[in-house]
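Summary of structural features
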Amino acid sequence: MGTALIYDEEMTKYKLLWVDPMCKIEVPERLTVSHEALVKSGLADRCVSVPVRKATDADILLVHSEEYLEAVKKTPYMTLEELKDFTLQYGDVYFHPNIYHCAMLAAGAALQLVDSVMTGKVRNGMALVRPPGHHSMRSAANGFCVFNNVAIAAQYAKQQYGVKRVLIVDWDVHHGQGVQYCFEDDPSVLYFSWHRYEHQNFWPKLRESDFDSVGKEKGAGFTINVPWNKVEMQNSDYLSVFCHLLLPVAYEFCPDLVLVCAGFDSAIGDPEGEMCATPDIFAHLTHLLMNLAGGKLCAVLEGGYNLTSLAQSVCQTVQTLLGDPAPRPVKLEGPCRSALESLHCVRSAHRQYWSCLKHAADLPTSDISTKHLKLADEDEYSDDETEWPEPVKRFAPAVRAAVVLPDAVACPDRCHPFTLSEDLDPFIVNKLKENFLKEADDGDALSTLSRLINLVERMEKNEICSGLALVPEISMATMCVIQHAASALRNRVLVVCVGDWNVPSQVTEDGKTLVLQFSNKESEESKSRYYIPVHLKKGFSDVSGFIQVVMGLLLPLGYEYDPSLVVLVRMSDSGLCDSAWQQLTGLLQGLAQGHTLVLMQDNEKECVGPTVSSLLGNPAPSLGPLLAPLSEDVESVEKLRDRLKAEWKLLQNTAQDKGRDAEDQS
Ligand code: Q9C
Ligand code: ZN
């Protein structure tokens, strides 16, 4: 199952023919540099190249009016003066004799992408298109957009394939008001957008881009707007919104298809956005969406006006769609105060619509000013003052998943049966014997532990991406791996334990190991920053409680801790269903460059297949629309978040979390 790449040089063949400072940034090179970067990096070659097609009139009419289509159809025959005049009736857009043709190809490209994904020709894909689409409305061009490519694609998917629920994630830095208008009363399309807003001072300056526009009638709750009221938002601001808002809601919604309005003007260096998120963040945003809808994800280019930042961001997105492990996230701090205020407002505006947000703090309106404030005019942004390091080259190790299995268990397809590549250092063997095998001088156990140590070392060298081991004594194996990785290799290790294991206190003393444990027993409150036990009332039979912990606690902690190895421990009889386990496994691979080592008790053989599938990068099966988590669980998780949020900044999700007189007043 591959990744489609849709591109046609034809879409570079229109440009601004007169002087207009508003439109000069929308240039043909946006497409050529993006495509060339994909070719140069070898990514284009790894994709399935799908040709564009022209959208039909019927396709366009899924979203636009007949009058508007007929009007645009005349533009190829207009003189320069007529084009200028025609342009004047719309905002921030320009026409050209060839733009109608390109706009038909852009919409058609989005439809080809939907066809390729829905028919199973590919798993996911990206369409590089011009003109962009998300600002165009039923009867109006706007913001460089002529036809609303993604809105058309969503309607088409519903009509052509009977898709019941579509999630549209608009990570472009502008509000895709055209998409919002198209679906505001439609509960089958969940539209999420974050956008530079600055209390309604930033284009398109609409009242309805604010957090309290949530959709209308049956569609109430299915429009989610996150206004950025300051510029210079960073990676952690974006990730916070994903973990504490978009992902929980998206999992509850349970889409059959995910469409991304993939604009990269939300990346650093962009003259429009003036944000500070680095191109590698798009690897994570993409990865975090790839286990929804059985992996069916279509990304369609929207904005992006700094050619360097744009090309890098496109590459990060496509490389992630191809399944290569995401890079370690760059410079994660806590979210800034303004981002927290926005997050707080959106969560509370939506708490009546989504059970995962029911517990979100009610908005104390007096505290947060989101009113329309007039800002002082600022100097023009100069993008050549902004610098950022080029993203590190990502590469997928030759071995994606290595397995250490007892002889009686067959090695699953596409896995690498792990054998010792070299004899272990006798010093290590002695230590193993001393620390773990004192009593029984068990040859089998020694061989298993030696293989585990060697596996960890080869993951550290990035020769192997992930691993799975079925072990006779899981506590011993876990301790052995942790000790070696944290002490000998001096790495940070995130241990996620599903089930009851008595975690020895020395493990979490020095900060080299962070343990998050889903335990069936209610335990005493932990005092350690590095040992986090979570107890769910009904164990794992309540999948929504589990997902709530994964999104709201585990992922933020994991991202902030930034481990170089994730050890995922599954005790026997955990009771967690396969699909939830696979979601967990899949999502965790966004951390530590995909270096996940799964340890399972040897009586969990049935779980080998599903686990390996996730380690190989296959999307996890969807969990079905989620119900409300138990209120006791919600409360206990909230208590935990409260205890930890001072030390783990990515756990913050309300305006109060920052404190009143904290450093960040800017
Ligand atoms: N400072 C897209 O990103 N406003 N469209 C330009 C110049 C229009 C953006 C103002 C921005 C349109 C798809
Ligand atoms: Zn944009």
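Just above, that's the structure.
Report follows, based on the coordinates. In this text the structure is predicted, and so the values were computed from the model without any measurement.

Considering the overall build of the protein
The secondary structure content of the protein amounts to 19 helices and 16 strands. By principal-axis analysis of the C-alpha atoms, the protein measures approximately 90 × 55 × 50 Å. In the protein, which comprises 666 residues, the share counted as buried stands at 64%. Long-range pairs, those at least 24 residues apart, make up 78% of the contacts in the protein between residues at least 6 apart in sequence. The protein carries 60 positive and 90 negative side-chain charges, and their two centres are separated by 2 Å.

Thoughts on the environment of D57
Its place among the elements puts D57 in helix α3 (residues 57-61). For D57, a relative accessible area of 29% puts it in the partly exposed group. Taking the C-alpha atoms as reference points, D57 and E70, separated by 13 residues in sequence, lie 9.6 Å from one another. In contact with D57, other than residues within four places in its own chain, are L69, K73, Y100 and M104. A distance of 2.5 Å separates a polar atom in the side chain of D57 from a polar atom in the side chain of K73.

Describing the side chain of S313
Turning to its location among the elements, S313 is positioned in helix α11 (residues 307-321). A polar contact is formed between the side chain of S313 and the backbone oxygen of S309, at a distance of 2.8 Å. Setting aside residues no more than four positions away along its own chain, S313 makes contact with F264, A267, P279 and F282.

Observations regarding the packing of aromatic side chains
Per the stated rule, a full pass over the model turns up 25 aromatic pairs. Centre to centre, the rings of Y561 and W648 are 6.1 Å apart; their planes meet at 65 degrees, and the pair counts as edge-to-face. Of this pair, Y561 sits in helix α16 (residues 543-561) while W648 sits in the segment after α19 (631-644), placing them 87 residues apart in sequence. Assessed through its relative accessible area of 5%, Y561 is described here as buried. Pairwise contacts between aromatic rings join Y68, F86, Y90, F95 and F147 into one cluster. Stacked on the ring of W648, the Lys or Arg R529 has its end atom at 4.1 Å from the ring centre.

Focus: the coordination of the zinc ion (ligand 2)
As a benchmark, a tetrahedral metal site with four donors has ideal angles of 109.5 degrees, while an octahedral site with six donors has ideal angles of 90 or 180 degrees. The protein atoms that coordinate the zinc ion (ligand 2) are D172 (OD), D172 (OD), H174 (ND1) and D265 (OD), at distances spanning 2.0 to 2.6 Å. Taken in chain order, the donor set of the zinc ion (ligand 2) reads D-x1-H-x90-D. One end of the pair, D172, is in the loop between β4 (166-170) and α8 (177-183); the other, D265, is in the loop between β7 (257-262) and α10 (281-289), and 93 residues separate them in sequence. Note on D265: relative accessible area 0%, which makes it buried.

So, the site of ligand 1
Close to ligand 1 lie 14 residues; D92, G143, D265, E272 and Y305 are nearest. Between an oxygen atom of ligand 1 and a side-chain N or O atom of D265, the distance comes to 3.0 Å. Contact between ligand 1 and E272: a nitrogen atom at 2.8 Å from a side-chain N or O atom of the residue. Protein burial of ligand 1: of its 410 Å² of free accessible surface, 87% is covered by the chains. Within the shell around ligand 1, the residues separate by chemical class into five nonpolar, five polar and four charged.

A short note on the sheet that holds strand β5 (residues 189-196)
Strands in a sheet are paired, the pairing made by backbone hydrogen bonds, and the direction either parallel or antiparallel. The strand order across the open sheet formed by eight strands is β2-β1-β3-β8-β7-β4-β5-β6, and the pairing between neighbours is parallel. One side of each edge strand has no neighbouring strand; the edge strands of this open sheet are β2 (48-50) and β6 (223-228). Along the sheet, successive strands turn relative to each other by an average axial angle of 15 degrees, direction set aside. The sheet contact formed by strand β1 (residues 2-6) and β2 spans three bridges and is parallel. Counted as the bridge partner of A4 is V48 from β2.

Details of the side chain of R570
Mapping R570 onto the fold places it in strand β15 (residues 565-570). Among the residues examined, R570 registers a relative accessible area of 6% and is labelled buried. Here R570 is in contact with I474, V498, L576, W581, L599, M600, Q601, E604 and C607, once residues within four sequence places are set aside.

Quick notes on the sheet that holds strand β9 (residues 399-404)
In spatial order, the strands read β10-β9-β11-β16-β15-β12-β13-β14; together these eight strands make up an open sheet with parallel pairing. Only two strands of the sheet have a single neighbouring strand rather than two, namely β10 (416-417) and β14 (531-535). Of the strand pairs in this sheet, strand β12 (residues 493-498) and β15 are connected by six bridges, and their pairing is parallel. By the bridge assignment for β15, C497 is matched with V569. In the packing of α16 onto the sheet, the strands contacted are β12, β13 (513-519) and β14, and the crossing angle to β13 comes to about 175 degrees. Its contacts with the sheet place helix α17 (residues 578-588) against β12, β15 and β16 (596-601), and it is angled at close to 170 degrees to β15.

Brief notes about the environment of D413
Looking at the secondary structure, you find D413 in the loop between β9 and β10. In sequence terms D413 and V612 are 199 residues apart; their C-alpha atoms lie 9.1 Å from each other.

A look at a negative patch on the surface
Judged by side-chain charge, D407, D442, D444 and E473 come together as a negatively charged surface patch. Along the polypeptide, D407 turns up in the loop between β9 and β10. Owing to a relative accessible area of 81%, D407 belongs among the exposed residues under this scheme.

Points about the pairing of β12
Among the six residues of β12, six are classified as buried, and the element is accordingly described as predominantly covered. The alternating pattern of β12 places V493, V495 and C497 on one face and L494, V496 and V498 on the opposite face, and all of these are buried. The sheet contact formed by β12 and β13 spans six bridges and is parallel. Residue pairing for β13: C497 is matched across the bridge by Q517.

Digging into the state of the cysteines
Summed over the entire model, instances satisfying the criterion amount to zero disulfides. Free of any disulfide, C356 has its nearest cysteine sulfur in C243, 13 Å distant. Its sulfur unpaired, C411 is 5.2 Å from the next cysteine sulfur, which belongs to C415.

Notes on the nonpolar core
F147 and I168 are the most contacted members of the largest nonpolar core, which totals 190 residues. Here the element with the most residues in this core is helix α6 (residues 99-118); it accounts for 14 residues. Excluding residues that lie within four positions of it along the chain, I168 makes contacts with V150, A154, V179, F183, V189, L190, Y191, F192, L259 and C261. Listed in part, the 44 residues of the second largest apolar core include L452, I464, A469 and V507.

Thoughts on helix α5 (residues 80-88)
Along α5, the residues classified as buried are L83, F86 and T87. Seen along its axis, α5 keeps its buried residues to an arc of 100 degrees; they face one direction. In α5, the exposed residues that point more than 90 degrees away from the buried face are D85 and L88.

Quick notes on the rules
Just so you know, the residues in each chain are numbered from 1, in the order the chain's sequence is written. Chains carry letters from A onward and ligands carry numbers from 1 onward, assigned in written order. Under the rules for a predicted model, residues below a pLDDT of 70 receive no local features and side-chain atom pairs below 80 are neither given nor counted, while totals for whole chains, interfaces and linings still include all residues. To obtain the side-chain values, all non-hydrogen atoms of the structure were included, while hydrogens and water were left out. Helix numbering and strand numbering both begin at the N terminus, where a helix is a DSSP run of H or I of at least 4 residues and a strand a DSSP run of E of at least 2. When accessible area is computed with a 1.4 Å probe and restricted to protein chains, residues below 20% of their type maximum are described as buried, those above 50% as exposed, and intermediate ones as partly exposed. Contact criterion: two residues are considered in contact whenever any of their non-hydrogen atoms come within 4.5 Å of each other. Lys and Arg are tallied as positive, Asp and Glu as negative. Neither His nor the chain termini are counted. The atoms used to mark charge sites are NZ of Lys, CZ of Arg, CG of Asp and CD of Glu. Here a polar contact is recorded for every N or O atom pair within 3.5 Å, except that within protein the pair must consist of a potential hydrogen donor and a potential acceptor, and residues adjacent in sequence are included only if both atoms are side-chain atoms. Aromatic pairs are defined between Phe, Tyr and Trp rings, using the six-membered ring for Trp, whenever the two ring centres lie within 6.5 Å; interplanar angles under 30 degrees are classed as stacked, those over 60 as edge-to-face, and all others as tilted. Cation placement over rings: the criterion is NZ of Lys or CZ of Arg within 6 Å of the ring centroid and within 35° of the ring normal. Donor atoms (N, O, S) are those found within 2.8 Å of the metal centre, with the cutoff raised to 3.2 Å for Na, K and Ca; water is not part of the atom list, so apparent gaps in a site can occur. The nearness test applies per residue and asks whether one of its heavy atoms lies within 4 Å of the molecule or strand. The method behind every accessible area is Shrake-Rupley, applied with a 1.4 Å probe, and residues are considered shielded solely by the protein chains displayed. Three categories are distinguished: nonpolar for Ala, Val, Leu, Ile, Met, Phe, Trp, Tyr, Cys and Pro, charged for Asp, Glu, Lys and Arg, and polar for the others, with Gly belonging to the last. When DSSP finds at least two bridges between two strands, those strands are taken to pair. Lines fitted to C-alpha atoms define the axes here, with helix axes fitted over just the stretch in contact, and angles between the N-to-C directions of these axes take values from 0 to 180 degrees. A patch consists of residues exposed above 30% relative accessible area that lack any salt bridge, with like charges linked at up to 9 Å and nonpolar side chains (Val, Leu, Ile, Met, Phe, Trp, Tyr) linked at up to 5 Å. Here, a salt bridge means any side-chain nitrogen of Lys or Arg that lies within 4 Å of a carboxyl oxygen of Asp or Glu. Working definition: a disulfide is two cysteine sulfur atoms within 2.5 Å of each other. As used here, the term nonpolar core means buried Ala, Val, Leu, Ile, Met, Phe, Trp, Tyr and Cys residues forming a set that is joined through side-chain atoms within 4.5 Å. The directions from the helix axis to the C-beta atoms are what the arc is built from.

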